[in-house]
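An overview of the molecular structure
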Amino acid sequence: MANTSDWAAARAAVEACTACPLRETCRQTVFGVGSETAEVLFVGEGPGKTEDEEGVPFVGPAGKLLDELLAAIGLTREHVYIANIVKCRPPMNRDPKPEERAACMPHLKRQMELLAPKLVVCLGRIAAQELISPEFRVTQEHGFWNIRGSYEIMGTWHPAALLRNERNLPDAFEDFKVLQRRIRKVCKMTPSDPIALCAGRAKDT
Ligand code: SF4
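Let us look at the sheet that holds strand β3 (residues 81–84). In space, the six strands of this open sheet follow the order β1-β3-β2-β4-β6-β5, with mixed pairing throughout. The sheet is open, and its two borders are formed by β1 (33–34) and β5 (146–148), each paired with just one other strand. Strands β2 (40–44), β4 (119–123) and β6 (151–156) of the sheet are contacted by helix α9 (residues 169–186), whose axis makes an angle of about 165° with β4.

Let us now look at the site of the ligand. As a matter of local geometry, the ligand sits amid 15 residues, with C17, C20, R23, C88 and C104 nearest to it. Elements with a minimum of two residues in the shell around the ligand: α2 (22–25) and α5 (98–115). Examining the composition of the shell around the ligand, we find that four residues originate from one element, α5, more than from any other. Here the residues of the shell around the ligand sort into nine nonpolar, three polar and three charged.

Here we come to the environment of L66. Here L66 lies in helix α4 (residues 60–72). A sequence separation of 57 residues divides L66 from A9, and the C-alpha atoms of the two residues are 28 Å apart. If we skip the residues at most four places from it in the chain, L66 touches F58 and P159.

Another point: the environment of A128. On the secondary structure map, A128 appears in helix α6 (residues 125–131). The spacing of A128 and E141 is 13 residues in sequence and 9.7 Å in space, taken between C-alpha atoms. In this view, A128 contacts C122, F136, V138 and G155; residues no more than four positions away in its chain are not counted.

Our next topic: the packing of helix α1 (residues 4–15) against α5. Here α1 crosses α5 at 170°, and the two axes come no closer than 10 Å. As the angle between them shows, α1 and α5 are arranged roughly antiparallel. For the pair formed by α1 and α5, the contact residues are D6, W7, A10, A13 and V14 on the first element and H107, R110, Q111 and L114 on the second.

What follows is about the pairing of β4. Counted residue by residue, β4 has five buried out of five residues, so it is predominantly covered. Residues L119, V121 and L123 of β4 are buried on one face, and the alternating residues V120 and C122, pointing to the opposite face, are buried as well. Where β2 lies against β4, four bridges are found, and the strand directions are parallel. By the bridge assignment, V43 is partnered in β4 with C122. By the bridge criterion, five bridges tie β4 to β6 in an arrangement that is parallel. Residue pairing across strands places V121 opposite M154, the latter belonging to β6.

As a further point, take α9. Given a rise of 1.5 Å per residue, 18 residues ought to cover 26 Å, and the 26 Å separating the end C-alpha atoms of α9 matches this to within 8%. Residues A172, D175, L179 and I183 constitute the buried set of α9. Looking down the long axis of α9, one finds its buried residues gathered within 90° of arc, a one-sided arrangement. Turned more than 90 degrees off the buried face of α9, the exposed positions are P170, R181 and K185. Lining the buried residues of α9 we find β2, α4, β4, β6 and α8 (159–164).

Each value, and the rule that gives it
Residues numbered from 1 in each chain as written. Predicted model: local features only at pLDDT ≥ 70, side-chain atom pairs only at ≥ 80, totals over all residues. Pairing = 2+ DSSP bridges. Helix = DSSP H or I, 4+ residues; strand = E, 2+ residues; numbered from the N terminus. Contact = placed C-beta atoms within 7 Å. Axes fitted to C-alpha atoms, helices over the stretch in contact; angles between N-to-C directions. Near = placed C-beta within 6 Å. Nonpolar A, V, L, I, M, F, W, Y, C, P; charged D, E, K, R; others polar. Parallel < 35°, antiparallel > 145°, perpendicular 65-115°, else oblique. Buried ≥ 20, exposed ≤ 12 C-beta atoms within 10 Å, placed from the backbone. Expected span 1.5 Å × (residues − 1). Arc of directions from axis to C-beta.

Right, dumping it as structure tokens:
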């Protein structure tokens, strides 16, 4: 089982990394957040403007929507781990280039080694194409589990894409319910009973 110093070394490796040009233009690296013993890993594409400023993945409106989707199936960020394909913000929020993704993949692989998740959820096309299939199409293949050795993996929409096109929100919510059912089958420590959304929102006011 990974220990704290393993995680610290992985974080330090990201902070020191200059393996692709994204490090020259980002404000800081965004390593990941959550429980280092989580059974469920979410993987997004890369940091956006707010993430670059705060050093945390999935903050801002997209992060709030992710928090709400998690709460609907009984999860908070403390129950899962959240990371990205690339750890440095692409300029103007463009898609990370294939060579940038390839350069950064060893960092995500190290995180996955340390975490040894049971379930992995790709948030958006870029993550799903890197981790599931280069041809992955979210609209057609979302919500289906693929077995990868010691873990299962599926793709769904990126929360930012859901905010741009709310038409896909019901399907994304169904994907989270698929996740909830899988957690109940294969996870031992991860909760899966819904958290009252109104309680979470009340804290914001
Ligand atoms: S994006 Fe990844 S590979 Fe590129 S410099 Fe940042 S940490 Fe290194």
